[in-house]
Protein chains: 2
Amino acid sequence: MTDQDPLVIFTPSGRRGRVAKGTSVLDAARALGVDLDSVCGMRGICSKCQVAPGVGEFSKHGVTVTEDALSPINSVEERYDRVRGLKPGRRLGCQAQVMGDLVVDVPAESQVHKQVVRKRAEVRDIVLSPTLALSYVEVAEPDMHHPSSDAERLLQALRTQTGHEVLTLDRHLLTSLQAVLRKGKWAVTAAIHQDDGAASVIALWPGFFEGKLHGLAVDLGSTTIAGHLVELETGDVRASSGLMNPQIRFGEDLMSRVSYAMMNPGGAGEMTEVVRDGLNRLVDELVEEAGIERDSLLDASFVMNPVMHHLFLGIDPYELGQAPFALATGAAQACLARDLGLDIAPGTRAYVLPLIAGHVGADAAAVALSEAPHRSEDLALVVDVGTNAEILLGDKTGVMACSSPTGPAFEGAQISSGQRAAPGAIERIEIDPVTREPRFRVIGVELWSDEDGFEAAVGASGITGICGSGIIEAVAEMRMAGIVDPTGLIGSAEQVGTPRCIPDGRTHSYLLWEDGEGRQITVTNGDIRAIQMAKAALYAGARLLMDKRGVDTVDRVVLAGAFGAHISPKHAMVLGMIPDCALDRVTSAGNAAGTGARIALLNREARREIEGLVHEIEKIETAVEPRFQEHFVAATAMPNAADRFPILRSVVDLPEVDFNTGGDGASGGRRRRRRG
Amino acid sequence: MTDQDPLVIFTPSGRRGRVAKGTSVLDAARALGVDLDSVCGMRGICSKCQVAPGVGEFSKHGVTVTEDALSPINSVEERYDRVRGLKPGRRLGCQAQVMGDLVVDVPAESQVHKQVVRKRAEVRDIVLSPTLALSYVEVAEPDMHHPSSDAERLLQALRTQTGHEVLTLDRHLLTSLQAVLRKGKWAVTAAIHQDDGAASVIALWPGFFEGKLHGLAVDLGSTTIAGHLVELETGDVRASSGLMNPQIRFGEDLMSRVSYAMMNPGGAGEMTEVVRDGLNRLVDELVEEAGIERDSLLDASFVMNPVMHHLFLGIDPYELGQAPFALATGAAQACLARDLGLDIAPGTRAYVLPLIAGHVGADAAAVALSEAPHRSEDLALVVDVGTNAEILLGDKTGVMACSSPTGPAFEGAQISSGQRAAPGAIERIEIDPVTREPRFRVIGVELWSDEDGFEAAVGASGITGICGSGIIEAVAEMRMAGIVDPTGLIGSAEQVGTPRCIPDGRTHSYLLWEDGEGRQITVTNGDIRAIQMAKAALYAGARLLMDKRGVDTVDRVVLAGAFGAHISPKHAMVLGMIPDCALDRVTSAGNAAGTGARIALLNREARREIEGLVHEIEKIETAVEPRFQEHFVAATAMPNAADRFPILRSVVDLPEVDFNTGGDGASGGRRRRRRG
C-alpha cells in the first residue's frame, strides 16, 4: 500500500491502515484484524457486517472524511434496506467499498467477539466466543459430467467461505442433506461447531436461517438442577428454570446416594436415568419458556460435583465413597448431548467442565472460571458453601483447592427448627446486646418482625423455621449479645439475664419466636453444636490452604453458592467461618458455579483455560492432612480475644463470657463428620 | 556404536547394525527398524516378541555366533516357558540381551506386519496393518496425595508404553473402567484403535488378555450379504457366512427398492432397518460359528453399491433413482458400528469404503483395491459383472471407471428357464458343431449329462433351469455351432439341420433338455435377445472407456464378482461381452469386492489408498455419453468376421450364417434398459 491508497480507521478498536481503492469495508476489516462479523459470504443477506461510516473532520484521527469516501449504496444494499430495513447511516460492510480516507464504526452487534458486561466490578467481562457459528452458502448443483456427492460440494463451499480447512459433516445430517439442499434451492445455512478439534457442520437449514443459535448452561446440584437458556450471539439469558434433583428420592445427600448405589444392584443406573430424565424435562421447559425452535439449541455446558458427575455420565460412584476417592475420570467431556441421554437436537453438543479432584468438582472449576483466582493480583479465598465446601486459595502465582465436609447444617438440615430457604423461613436476625430481645425477617416479607404490619404480611402460612443464613446470623448475634460463650454454650436465664434462655434438657435454648398457640422457634445448644461443626470444617479447610501457602491472612474472601450469596460477612466472621479479613473485602459471588457454566458455554477459550487450570491447581486432600483435624478441633470454638481475628475485633464487640459450669454435656458433639 | 559393540543381524529382513552390549533383542530390533511385535511392555508376558537365535558360522552374513552371544535364559523366560511353554530354541526378545555378534530370526508370527499370501500370482499379498493393537500395561494406583483419575493414570501408562501421544478413552469404557482396573489388580490389556486420526482405547480386559482380536469384512450385495470373520493378527478367516438380503421383499433389483422408497413414506427407513437386522443376524452366526468372544470383534469393513450404501447409512436413495444421480455422500465412513445400527461390542469400529460415483459403488472401490489396476504395468480391464456391471480400465498412469446397466439377465432373470446359481441349474454347456447335440453339467453334479450315472447323480430334485454362466455358454455354443446367426436369430430345424430347433411363436427355440414327462429346458430367441442386451451394455461400457483412453485393445481382462468367476472367457468373448483379448490374459478374480473389504479391514494404509484412488479415478457417466448408445446398438450383434475380434477369430470358428428371412419380429428387443 502506498500513501495514495485510502486510509481506513475502524472504531472503537482504533485499528487503521491503508487499503487499495475499491476494497470492501469487510475485506479491509479482515485485513486489519478488525472484529467484524459475516455469515452470508458477502452476499448482502445477513447484514451481520453492517457498519456506521462517519463523515467530516476527525481531528483525533487526523483525517477528514468526505461524502464519497465510500462507494454509493448499491443495488444489494438497496434491496436489503427495502426488504429487511437497515438502520439510518448504516452500510453493509461487504458491499460498501473504500474510495477515500474513511473513519468507520463497528457497532457492538456487528462484532463476533462481543463483551457481556458483568455487574460486579471485580470480575472480568465475558467475551463471546461461542463454539457455534452460522454460515450461509450457495452450493454447486450436481453435474453428471463431474460427479461428486452433495456432501462434498456443500463442504467445499463451506470450506472456501469459512476458511475451515478440516470440516466434517455430522453423520445424522446425511439423512436430511439432500432434501434440505433442494428445498433451499442449493442455498443453505449451516451451524458449524468448533471447539478444540476440527470443525463440524452440526445443523442445516434450507436457505437463509433467520433465527438465532442457543445454548444451555446447567448447574447440576445435588439438591437443585438449575438451567439457563442463552442466546449465543448476545449472551442474553432467554429463559431460566430449575427443578429438584429427582435423585433426592434415593438419598438427600450425596453419600446416601453413593450408599444406595452400593447396596442396590443397578442403583447407579437408576440414578443416572432419573437425573437425565429430569434434565430432559428442564430442557422442555426452557425451550417452551424461551419460545425458541428446539433445533436451534445446539450447545450445552454442565457443572456438578464429582458424585453427580459420575452419576450423570453413567459411572457408578462407588469409588468416591471410600478412600482413596479415585475418580473414574476428571477430564472435561466434549461429546454429543445425546451421548449423555439428552434429547435436544441430533447435533447438539455437550461440554462437561473438568473436575479438580475426587472431592472438588466441576462446580468448583466453574467457580474458578468465574472468580478467576488465578488471575487475581491479591490473595483471594473463594469458598463455595454447600454440603461440601469447595475452597480455592490463590492469586496469579498459584492456586490451591480443597474440599471440606461441612455437612448439611448450613442448608438448614440437622437444625432443630431448620428448613430450606423458602417463604416463611427466618433469614435475618438481630439481637439487642442490652435487652437480648430478637427481631428478624422472614423470606418473602419486606418488614422486620418488630415493624407494624409484620403479622399481617406474614399471613396465614406463618413463620415456618430458620434457613441456613438465618441460623448463622442467629448464632453470631447470640455470641455478640453474650448469650453464647466462645465454646458454644448457651447461658441460663440467670447467667444471661433474659427469660428467653430456657432450660432444654441439660442445656439451654434461646427462644426466638413463639405465637399464642404454643408454636415456638428456638435455637438449641444442639443447633449451635451443628453450626460449630460445619463452620469449623469450613474454617479448617481454609486454614489448611493458608498454612500450605504460608500466610495468616488473606486479602479478600469471596463467598459463592446460592447459600453463600445470602451470608452476612460480619456474622460469618463472628462465627469464625472464614478467616479474618476486612469486612469490605468479603464479597458475594452469587451462583458462581452457574456463571462459570455460562462462561464455558459462551467462550471456548475459557474451556481451554479451565482445562489447563485444573491441572495447575494444587489439590489438597483434607482426609490425609493431620493439620486439618488439628485446625478443625481448634476451630470448633467461636472467636474471642485470644484468636487471630484482629480485624474482626476492631469492628464488633465479642463479650468475654464463660457459661461452662461443668457437667452440661455440651463438650460433646460429633467431631467426625461424614462426607456428603 | 563402535566396532567393539556386538553386531546384530535380523533375518529374514537382513537388517543389521551394532548395539551396546546388554541391549535387549527387542530394543535392538526397534533401533534397527525391524518389525518385531510386543504387547506387554517388555514384561515377558505376551511372548509376541519371541525370536529364534542362531549359533555357529553364518558365512553369508560373515559372522560367527557363539553360544554366549545372548544372555542366559533369565527367570522371566524360565517362568514363561514353565507356565505357557516356549518353542525349543525360542527366546523372549524383551528379555534376551545381546552380548556378542548375533544372527537372530524373527518368525512370521512375531512380526506385526505379517503378509497374507494370496493364491493368484498377479495380485499383491496383503500386508497386515490392522487398525487395532493390544497393549498390556500396569497402571499406577490412586494416591490421595497426588489425586488423579483412573482414566488419567491408565492413559498415561498407555501413552508411555505405546508412544501414542494423542490417546483417548472411549466414553463407554468409563462405566466399567474402575471395576476392570481393580479386578486386574491395576494391570489391564487395552485394545487400541488407530485409523486415520488419533488413537483410542476401545476395549479393556482385566490383566493379560489371552484372546485374539477379530474383524468383520462384509460384502453387502443387493441379493446376498456375505460376511467373513477374520483374526486380525494373522488375517485368517475364522468363519464365513451369508444370507439373502432381507430387502429383497421390497424389490428384487435396486431400482424396485428405490421405487419402494419413493412410493412409501418411511419405506427407506424400513429397508434400512431390515438390512441392519440382517447384518446383526449375520454377526451372531459368525461369532457362534467361529466360537469367539463377541467383545473381541472390534472392527468391521463394508462394501456395497451406492443404493445399498445409502440404505445402509439411513439415507433415502431417492436421488439415485433419477438424473443427475447425486449421492448424498460418497466419502469413506469411519464410525462406531453401533452408529450404523450394529450391535457387536460397544467400541466396535466400522469402516465403509468410499464410493466412486453415483453408479459406481464401494464394491467397485473394493475391486480396485483388490485388483489394483492403478498399479498395473499393462492396461487392465476389470469388470465386476452383476445387475450393474462396474468397469475399471487403466494402468499405473491412470484409471477410469463407469457403470453399465446390464440388467438381471446374467443372474438368470428375464431368461425363460433362468434361475439363480443353485443345485440343479445347468452351468456348463457344449454343443457339437456337427450334430448340434448338447451336453451339459448341472451345479452339484460332477458328471456331464452324456456320462454314465448322470441321471442317478442328478437324482429326484432334477434339472431345474439354467443359471447365468450356463445361459452365456448356451448362447455362445449355439453361435459357434451355427444355430444362431450374428444378429441373434435362431434358425429353423431346416435352416440349422437339427430337430432341436423348434418353432416358438414367430421365432424358434433350441431344445436343450427334456425328460419323459414333458418338462423341457429351451433357449428361446427372447432369451438370446435378453443376453444380447446385457452383453451389449457391458461391452459398450468397456468400449466407452477404451475410446476415452484411445485404445482398441486391452492387455488383459479381469472378470470379478461371484458370477464373473464362473464365466468361461472363451464364451464371453464369442458373445462379444468383453473386448478382444488373448484368452490366457482373461482371468477370474472371484469375489474381488469381498477381498477388497478384507484388505481394508486388515490394512489401514489400504484405506488411505482407496480414499485417494476414488478421487483420482476418472468417472465416466454412461448416461450422458452419446457414444455409449452408439456402442450399445453396435454391440447387440454377436461378433463375426467383420468385427474387431482378430484374437478371438484365431481361436474359434464363427460360422457365417444368416437366418433373417424377414418378418420374424426378431429385430425388436428392448433397447432401453432400466438401471438396477
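What counts, and where the lines are drawn
Residues numbered from 1 in each chain as written. Chains lettered and ligands numbered in written order. Predicted model: local features only at pLDDT ≥ 70, side-chain atom pairs only at ≥ 80, totals over all residues. Heavy atoms only, no water. Patch = residues over 30% accessible without salt bridge, like charges linked within 9 Å, V, L, I, M, F, W, Y side chains within 5 Å. Areas by Shrake-Rupley, 256 points an atom, 1.4 Å probe, with all protein chains shown as cover. Salt bridge = Lys/Arg side-chain N within 4 Å of Asp/Glu carboxyl O. Helix = DSSP H or I, 4+ residues; strand = E, 2+ residues; numbered from the N terminus. Buried < 20%, exposed > 50% of the residue type's maximum accessible area, 1.4 Å probe, protein only. Arc of directions from axis to C-beta. Contact = heavy atoms within 4.5 Å. Least-squares fit on C-alpha atoms with pLDDT ≥ 70 in both. Buried area = accessible area lost by both parts, 1.4 Å probe. Phe/Tyr/Trp six-rings, centres within 6.5 Å; stacked < 30°, edge-to-face > 60°. Lys NZ or Arg CZ within 6 Å of the ring centre and 35° of its normal. 1 Å grid on protein atoms, 1.4 Å probe; cavity = no way out; pocket = protein on both sides within 12 Å on 5 of 7 lines; lining within 4 Å. Points joined across faces, edges and corners; volume = space filled by probe spheres on them. Nonpolar A, V, L, I, M, F, W, Y, C, P; charged D, E, K, R; others polar. Domains from an automatic or database assignment. Axes fitted to C-alpha atoms, helices over the stretch in contact; angles between N-to-C directions. Parallel < 35°, antiparallel > 145°, perpendicular 65-115°, else oblique. Pairing = 2+ DSSP bridges. pLDDT = per-residue confidence, 0-100.

Visitor: Before we move on, could you go through a nonpolar patch on the surface and cite the residues and values that matter?
Guide: Residues and elements named next belong to chain A. There is a patch of nonpolar side chains on the surface, built from Met262, Met263 and Tyr318 and spanning about 330 Å² of accessible area. When you line up the elements, Met263 lands in helix H5 (residues 254-263). Note on Met263: relative accessible area 66%, which makes it exposed.

Visitor: Help me get a handle on helix H17 (residues 626-635) of chain B, residues and values and all.
Guide: Residue and element names in this part refer to chain B. Taken together, the buried positions of H17 are Phe628, His631, Phe632 and Ala635. Viewed along the axis of H17, the buried residues span an arc of 105°, placing them on a single side of the element. Exposed positions of H17 whose direction lies more than 90 degrees from the buried face are Pro626, Glu630 and Ala634. Those residues of H17 that are buried are in contact with strand S22 (398-404) and helix H12 (525-549).

Visitor: Run through the relation of the copies chain B and chain A, naming residues and quoting values.
Guide: Each copy superposes on the other: chain B lies on chain A with an RMSD of 0.1 Å after a rotation of 180° and an axial shift of 0.1 Å. Each copy turns onto its partner about a two-fold axis. In this assembly the copies share their binding face: 100% of the residues contributing to the interface of chain B also contribute to that of chain A.

Visitor: Can you break down the pattern of salt bridges residue by residue, with the values?
Guide: One pass over the structure, following the stated rule, counts 72 salt bridges over all chains. Here Arg182 of chain B ties to Glu319 of chain A by a salt bridge, and the two come within 2.9 Å at their closest N and O atoms. You can see Arg182 of chain B sitting in helix H4 (residues 174-183) and its partner Glu319 of chain A sitting in the loop between helix H7 (306-313) and strand S18 (333-336), one on each of two chains. The partner of Glu109 of chain B in a salt bridge is Lys87 of chain B, and the shortest N-O contact between them spans 3.4 Å. Of this pair, Glu109 of chain B sits in the loop between strand S7 (102-105) and strand S8 (115-116) while Lys87 of chain B is found in the loop between helix H2 (75-83) and strand S6 (91-92), placing the two residues 22 residues apart along the sequence. Judged by relative accessible area, Glu109 of chain B falls into the partly exposed class, the value being 35%. The class of Lys87 of chain B is partly exposed, set by a relative accessible area of 49%. Salt bridges here are not isolated pairs; linked through shared partners, they connect Asp195, Asp196, Asp299, Arg607, Arg608 and Glu611 of chain A.

Visitor: Outline the interface of chain B and chain A, supporting the account with residue identities and numerical values.
Guide: The partner chain A presents 38 residues to the 38 residues of chain B that form the contact. Among the residues chain B hides against chain A, the three largest losses belong to Met144, Arg171 and Gln178 of chain B. Together they make up 23% of the total. Our count for the chain B to chain A interface comes out at two salt bridges. Elements with a contribution of two residues or more to the side of chain B that touches chain A: helix H3 (150-162), H4, helix H7 (306-313) and strand S18 (333-336) of chain B. Per element, the largest residue contribution to the side of chain B that touches chain A is five residues, and it comes from H4 of chain B.

Visitor: Tell me about the packing of aromatic side chains, and please be specific about residues and values.
Guide: All names here are of chain B. Using the criterion set out here, one finds twelve aromatic pairs over all chains in the structure. Relative to Phe454, the ring of Phe440 lies with its centre 5.9 Å away and its plane at 85°, an arrangement referred to as edge-to-face. Of the two residues, Phe440 is situated in strand S24 (residues 438-442) and Phe454 in helix H9 (residues 454-458); the sequence distance between them amounts to 14 residues. Here Phe440 matches Phe454 in class, with each residue buried. When the ring centre of Trp448 is taken as reference, the NZ or CZ atom of Arg439 above it lies at 4.4 Å. It is Arg607 that lies over the ring of Tyr351; its NZ or CZ is 4.4 Å from the centre.

Visitor: If you had to explain the environment of Pro306 of chain B to someone new, which residues and values would you point to?
Guide: Residue and element names in this part refer to chain B. The residue Pro306 is located in helix H7 in this model. On the basis of relative accessibility, which here comes to 5%, the residue Pro306 falls in the buried class. C-alpha separation for the pair Pro306 and Val166, spaced 140 residues apart in sequence, amounts to 34 Å. Excluding residues within four positions of it along the chain, Pro306 makes contact with Leu320, Leu327, Leu355, Ala357, Gly358, His359, Val360 and Gly361.

Visitor: Explain the environment of Gly358 of chain A to me, and be specific about the residues and the numbers.
Guide: All names here are of chain A. Relative to the helices and strands, Gly358 resides in the loop between strand S19 (349-352) and helix H8 (362-371). Separated by 28 residues in sequence, Gly358 and Gly330 place their C-alpha atoms 8.2 Å apart. If sequence neighbours within four positions are ignored, Gly358 has contacts with Pro306, Leu320, Phe325 and Leu327.

Visitor: Describe the layout of surface pockets, naming the residues involved and giving the relevant values.
Guide: Residues and elements named next belong to chain A. Roughly 1400 Å³ of volume is contained in the second largest pocket. Along the wall of the second largest pocket there are 50 residues; nearest its centre are Thr223, Val385, Gly386, Thr387 and Glu411. Where the lining of the second largest pocket is concerned, the elements lending two or more residues are strand S14 (214-220), strand S15 (224-231), H5, H7 and helix H10 (468-480). Of the residues contributing to the lining of the second largest pocket, the split by class is 18 nonpolar, 19 polar and 13 charged. Mapped onto the domain boundaries, the lining of the second largest pocket takes at least three residues apiece from domain 3 (371-407 + 531-649) and domain 4 (409-524).

Visitor: So what's going on with the packing of helix H8 (residues 362-371) of chain B against helix H15 (residues 592-602) of chain B? Residues and values would help.
Guide: Residues and elements named next belong to chain B. For the pair H8 and H15, the least separation of the axes is 7 Å and the interaxial angle reads 75°. Judged by the angle between their axes, H8 and H15 are roughly perpendicular. Within the contact between the two elements, H8 uses Asp363, Ala366, Val367, Leu369, Ser370 and Glu371 and H15 uses Ala592, Ala593, Thr595, Gly596, Ala597, Ile599 and Ala600.

Visitor: Before we move on, can you summarise the pairing of strand S17 (residues 297-304) of chain A with the specific residues and values?
Guide: Residues and elements named next belong to chain A. With eight of eight residues buried, S17 lies mostly within the body of the structure. Here S14 pairs with S17 via seven bridges, running parallel. Pairing of Gly215 across the sheet is with Asp299, part of S17. As judged from the two bridges shared by S17 and S19, these two strands associate in the parallel manner. Each bridged residue has a counterpart across the sheet, and for Ser301 the counterpart in S19 is Tyr351.

Visitor: Outline the domain arrangement of chain A, supporting the account with residue identities and numerical values.
Guide: Domain boundaries in chain A define domain 1 (7-110), domain 2 (132-206), domain 3 (371-407 + 531-649) and domain 4 (409-524). Here the C-alpha centroids of domain 2 of chain A and domain 4 of chain A sit 65 Å apart.

Visitor: Account for the confidence of the model for chain A, naming residues and giving values.
Guide: All names here are of chain A. Of all residues in chain A, 97% have pLDDT values of 70 or greater, and the mean over the chain is 92. For residues 663-676, every residue scores under 50 in pLDDT, and the model assigns this stretch 40 contacts once sequence neighbours within four places are set aside. Both confidence scores are given for the complex: pTM 0.90, ipTM 0.89.

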